[in-house]
Amino acid sequence: MLISPGASNDEYEANMGAALAALRTRTVGLDTVVFGDLFLADIRAYRERMLARIGMRGLFPLWLRDTRVLAHEFVRLGYRAVLVCVDSGALAAEFAGREFDADLLHDLPPGVDPCGENGEFHTFVYAGPSLREPVPHERGPVVVRDGRFVYCDLVETTSR
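So, how was this worked out
- Residues numbered from 1 in each chain as written.
- Predicted model: local features only at pLDDT ≥ 70, side-chain atom pairs only at ≥ 80, totals over all residues.
- Heavy atoms only, no water.
- Buried < 20%, exposed > 50% of the residue type's maximum accessible area, 1.4 Å probe, protein only.
- Helix = DSSP H or I, 4+ residues; strand = E, 2+ residues; numbered from the N terminus.
- Arc of directions from axis to C-beta.
- Contact = heavy atoms within 4.5 Å.
- Polar contact = N/O pair within 3.5 Å; in protein donor to acceptor, adjacent residues only side chain to side chain.
- Phe/Tyr/Trp six-rings, centres within 6.5 Å; stacked < 30°, edge-to-face > 60°.
- Pairing = 2+ DSSP bridges.
- Axes fitted to C-alpha atoms, helices over the stretch in contact; angles between N-to-C directions.
- Salt bridge = Lys/Arg side-chain N within 4 Å of Asp/Glu carboxyl O.

Caption draft 1: Seen up close, helix α3 (residues 67-76). Those residues of α3 lying buried are Thr67, Leu70, Ala71 and Phe74. The buried residues of α3 occupy an angular sector of 100° when projected down its axis, which confines them to one face. Residues of α3 that are exposed and point more than 90 degrees away from the buried face comprise Val69 and Arg76. On its buried face, α3 is in contact with β3 (80-87), α4 (102-107) and β4 (121-127). The distance from a side-chain oxygen at the start of α3 to the backbone nitrogen of Arg68 is 2.9 Å, and the residue carrying that oxygen is Asp66. Positive phi appears at Gly78, one or two residues downstream of α3, with a value of about 95°.

Caption draft 2: Structural detail: the packing of aromatic side chains. Under the defined criterion, the tally for this structure stands at 5 aromatic pairs. The interplanar angle of 90° and the centroid separation of 5.4 Å between the aromatic rings of Phe74 and Phe100 together place this pair among those described as edge-to-face. Remark: Phe100 occurs in the loop between β3 and α4 and Phe74 occurs in helix α3; sequence separation between them is 26 residues. Ring-pair connections join several aromatic residues into one group, and the members of that group are Phe74, Tyr79, Phe100 and Phe121.

Caption draft 3: Highlighting the sheet that holds β4. Overall, antiparallel pairing links the 4 strands, which are arranged β4-β3-β6-β5 in an open sheet. What marks the edges here is a single partner per strand, and that holds for β4 and β5 (137-145). In this sheet, neighbouring strand axes are inclined to one another by 30° on average, regardless of whether the strands run parallel or antiparallel. In the sheet, β3 pairs with strand β6 (residues 149-156) via 3 bridges, with the strands oriented antiparallel. Residue pairing in the sheet places Cys85 in a bridge with Tyr151 of β6.

Caption draft 4: Just the pattern of salt bridges, in detail. With the rule as written, the count across this model stands at 9 salt bridges. Residue Glu73 is joined to Arg65 by a salt bridge in which the shortest nitrogen-to-oxygen separation is 2.6 Å. Taking relative accessible area as the criterion, Glu73 reaches 25% and is therefore assigned partly exposed.

What follows is the structure, given as structure tokens:
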């Protein structure tokens, strides 16, 4: 289910609720959504409230893990991700579209959480040990939206 560019929080919540409700209808016993949140208690509480409205619960297996250790473990285990959004107020725009790897972790400036937990960046995980196969995609253009958010748009492909 898509949300429109610049969607309001109401639109986001309605579409997310509808998408999860549709999944529950097709999947007997589905009652939990897993999140990678690490330490932002207000975000966790928000997610739990949203899910409770539709009779679901959140699972937070990474909660309170050390982000520096976790980022290096992610890379060591063979997961692959790309930075798809960078807050240029916190991190240089050139990081948008970069691979999340040991070089990136080395290049992050002091004060930037290595997992982007303070909103410095967002990633798209496309491969790793827990995925049956890599998610086919291509990196598209890098664009600035809302004045300071730098996005590396991804394009879905049918094969790699």
